[in-house]
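# Report on the structure
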Amino acid sequence: MSTLNNSHQEAVETVRKLIKGIDTAMFTTISPEGLVSRPMKTQEVEFDGDLWFLTKKDTSKFDEILHDPRVNVVYADKSYVSIRGVARIVDDVAKKKEYWNPGYEAFLKTSYDDPEVILIQVHAEAAEYWKSGNLAEKASYMFKRITNQDTEDSNLNQTVELE
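These lines cover the structure that appears in this document, whether it is placed above or below. (Residues numbered from 1 in each chain as written. Predicted model: local features only at pLDDT ≥ 70, side-chain atom pairs only at ≥ 80, totals over all residues. Heavy atoms only, no water.)

Let us now look at the overall build of the protein chain. Helix and strand counts for the protein chain come out as five helices and seven strands. Taken from the N to the C terminus, the helices and strands of the protein chain come in the order α-β-β-β-α-β-β-α-α-β-α-β. The buried share of the protein chain, reckoned over its 163 residues, is 40%. Partitioning the contacts of the protein chain with sequence separation of at least 6, the portion at a separation of at least 24 is 66%. Here the protein chain has roughly 9800 Å² of accessible surface; of this, 52% comes from carbon and sulfur atoms. (Helix = DSSP H or I, 4+ residues; strand = E, 2+ residues; numbered from the N terminus. Buried < 20%, exposed > 50% of the residue type's maximum accessible area, 1.4 Å probe, protein only. Contact = heavy atoms within 4.5 Å. Areas by Shrake-Rupley, 256 points an atom, 1.4 Å probe, with all protein chains shown as cover.)

Spelled out as structure tokens, the structure:
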């Protein structure tokens, strides 16, 4: 395996660990008026470079993705992860069934085989993350950022390429 593949796998593994167990993400699309964010439940799938979401066609995000597939997905819990990627609409009944659960039936008021139900697949291009260091580390990092000091040596904030 080449170094490039190793570093890619390491980046994917880092993001996987940071977002594991965080159910809800802020999902941002581009509308004609500008950026729009909304909370969405991520499918419980091991992150391999793609994120999956279930929704319906009669939502603004469906039209926004068709118009401009660039999206950003943010997870916040013990760490903060911002994932930039490209979304695509997937209409695969078997895959919808795989991700379906009773909670969706209640929330979307339909079943997985409804033609209005679709999946959004986000292929991650890069992720920026902020580790939750101790309070002194975070305070020092934020002070440096606010006062325009160099934070390159800090390990609280990293960006990884996922492609």
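Time to look at the pattern of salt bridges. On inspection of all chains with the given rule, the structure shows six salt bridges. With its nearest N and O atoms 2.2 Å apart, the salt bridge here joins arginine 16 to glutamate 13. Linking arginine 16 with glutamate 13, this pair stays in helix 1 (residues 3–19), spanning three residues, or about one helical turn. The buried category is assigned to arginine 16, whose relative accessible area is 18%. Look at glutamate 13 and you get partly exposed, because its relative accessible area is 27%. Salt-bridge contacts for lysine 96 lead to aspartate 91; the nearest nitrogen and oxygen are separated by 3.1 Å. (Salt bridge = Lys/Arg side-chain N within 4 Å of Asp/Glu carboxyl O.)

Pairing between strand 1 (residues 24–31) and strand 2 (residues 34–41): eight bridges, direction antiparallel. In the strand pairing of strand 2, isoleucine 30 is matched with leucine 35. The hairpin formed by strand 1 and strand 2 contains two residues between the paired strands. (Pairing = 2+ DSSP bridges.)

Counting through the fold element by element, glutamate 116 comes out in the loop between helix 4 (102–108) and strand 6 (117–130). Considering only alpha carbons, one finds glutamate 116 and aspartate 91, 25 residues apart in sequence, at a separation of 9.1 Å. With residues near it in sequence (within four places) discarded, glutamate 116 still touches Thr55, Lys56, Lys57 and Asp58.

Looking at the element boundaries, tyrosine 104 is found in helix 4. You can call tyrosine 104 buried: its relative accessible area is 7%. In contact with tyrosine 104, not counting residues within four places along its chain, are Lys41, Gln43, Leu54, Tyr99 and Lys109. Here glutamine 43 takes part through its side chain, which lies 2.4 Å from a polar atom of the side chain of tyrosine 104. (Polar contact = N/O pair within 3.5 Å; in protein donor to acceptor, adjacent residues only side chain to side chain.)

Every buried residue of helix 2 (residues 60–67) is listed here: Lys61, Phe62, Glu64 and Ile65. Buried positions in helix 2, seen along its axis, are confined to an arc of 165 degrees and lie on one side of it. Across helix 2 from its buried face, at more than 90 degrees, point the exposed residues Leu66 and His67. (Arc of directions from axis to C-beta.)

Such coordinate-based values are descriptive only and should not be taken to indicate function.
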